[in-house]
Amino acid sequence: VEKAFDKVHHPALIYKIFTKFQLPELLCKTLVNFLQDRQIKIKHNGKFSRPFTPESGVPQGSVIGPMLYIMSINDAPKPSTSNEYNNNLRRNTDGNSQVDYYSEELNIYFADDNVIMVAGYREIGPQIPGTKDDTQFGCKKFRDLIQKSTYWEEGNRIKTNATKSKCMAFSPTEPKKNERWLSLYPDRNDPNDDRITYTNNHVILGITFDSKLTF
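Looking at an unreviewed UniProt entry, one finds the chain named Reverse transcriptase domain-containing protein and attributed to Meganyctiphanes norvegica.

Written as structure tokens, this is what we have:
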């Protein structure tokens, strides 16, 4: 997540503190008091700006800062639990179309890092209008989770950093060259949206994974 701790929206977090966690009222007020009416200055070339009150961000370096950030992302989109996506993994093909069912889905946040994993068969993704065969990576459920996460981030005024994100396929065969990318808004299919590029190895939480799931 791009500048995650700096972009925690105070009004949204305060609403969650009072409504999502069943905390004692005194503790809620203490947390809100910790967030509100803080004043900061910016130092540039040895000079300080006038003090101002930020409307977003949690103090980094504080003991409670990481917990407040976790509370702010607690309602992030979770994988579907419907039978549509949780039957045993199977694949149906009728020539041109393909329907996938998924046995496992994960959407894991570790501080400002996020890992989304879906078990399923790759399928032909949405094609970019005006192109011959430029299509998006992955299977439908994977793209759905990306889409839900992006819309949730918009509502919470944070954003995934596409340039630091990667998509991978743990498979003996790699995607075709025209399928090695994924938009943050897969359903919009807009060629101008930020793109996550494909890689066959990537470092996740300090561990390097490759496309054969060795690390």
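Novice: Is there a simple way to explain the overall build of the chain in this structure?
Specialist: Looking only at helices and strands, the chain features five helices and eleven strands. When the 215 residues of the chain are sorted by exposure, 37% land in the buried category. Considering only contacts within the chain whose residues lie at least 6 apart along the sequence, 59% involve residues at least 24 apart.

Novice: When you look at the pattern of salt bridges in this model, what are you seeing that I'm missing?
Specialist: The tally for this structure, following the rule as stated, stands at three salt bridges. Measuring nitrogen to oxygen at the nearest pair gives 3.1 Å for the salt bridge that ties Glu25 to Lys29. Placement of both Glu25 and Lys29 in helix H2 (residues 25-35) is noted, with a separation of four residues, approximately one turn of the helix. Residue Lys159 pairs with Asp194 through a salt bridge whose shortest N-O separation is 3.0 Å. Here Lys159 is found in the loop between helix H5 (140-155) and strand S7 (166-167), whereas its partner Asp194 is found in the loop between strand S8 (181-183) and strand S9 (195-198), with 35 residues between them in sequence.

Novice: Got a minute to help me understand unusual backbone geometry in this structure?
Specialist: Glycine aside, residues mostly have negative phi, and peptide bonds are mostly found in the trans state. Residue Asn45 is not a glycine yet carries a positive backbone phi of 55°. With respect to the secondary-structure elements, Asn45 resides in the loop between strand S1 (43-44) and strand S2 (47-48). Residue class for Asn45 comes out exposed when judged on its relative accessible area of 68%. Of note, Arg157 is a non-glycine position whose phi angle comes to about 60°, a positive value. Considering the arrangement of structural elements, one finds Arg157 in the loop between H5 and S7.

Novice: Help me out: how do you make sense of the side chain of Thr150 in this one?
Specialist: Structurally, Thr150 can be placed in helix H5. Ignoring sequence-local partners within four residues, the contact set of Thr150 consists of Leu184 and Tyr185.

Novice: Just checking my understanding: could you explain the environment of Lys141 for this structure?
Specialist: By secondary structure assignment, the location of Lys141 is in helix H5. On the basis of relative accessibility, which here comes to 1%, the residue Lys141 falls in the buried class. In the structure, Lys141 is positioned 23 residues away from Val118 in sequence and 7.2 Å away in space, judged by C-alpha atoms.

Novice: Even after reading the chapter, I still don't get H2, so can you show me in this structure?
Specialist: Residue pairs three or four apart in sequence face the same way in an α-helix, which turns once every 3.6 residues. Where H2 is concerned, the buried positions are Cys28, Leu31, Val32 and Leu35. Angular distribution of buried residues about the axis of H2 spans 100°; they occupy a single face of the element. Seen from the buried face of H2, the exposed residues on the opposite side, beyond 90 degrees, are Leu26 and Asn33. In this fold, the buried residues of H2 make contact with helix H1 (10-19) and helix H3 (65-72). Just beyond H2, the residue with positive phi is Asp37, at close to 60°.

Conventions used here
Residues numbered from 1 in each chain as written. Predicted model: local features only at pLDDT ≥ 70, side-chain atom pairs only at ≥ 80, totals over all residues. Heavy atoms only, no water. Helix = DSSP H or I, 4+ residues; strand = E, 2+ residues; numbered from the N terminus. Buried < 20%, exposed > 50% of the residue type's maximum accessible area, 1.4 Å probe, protein only. Contact = heavy atoms within 4.5 Å. Salt bridge = Lys/Arg side-chain N within 4 Å of Asp/Glu carboxyl O. Arc of directions from axis to C-beta.

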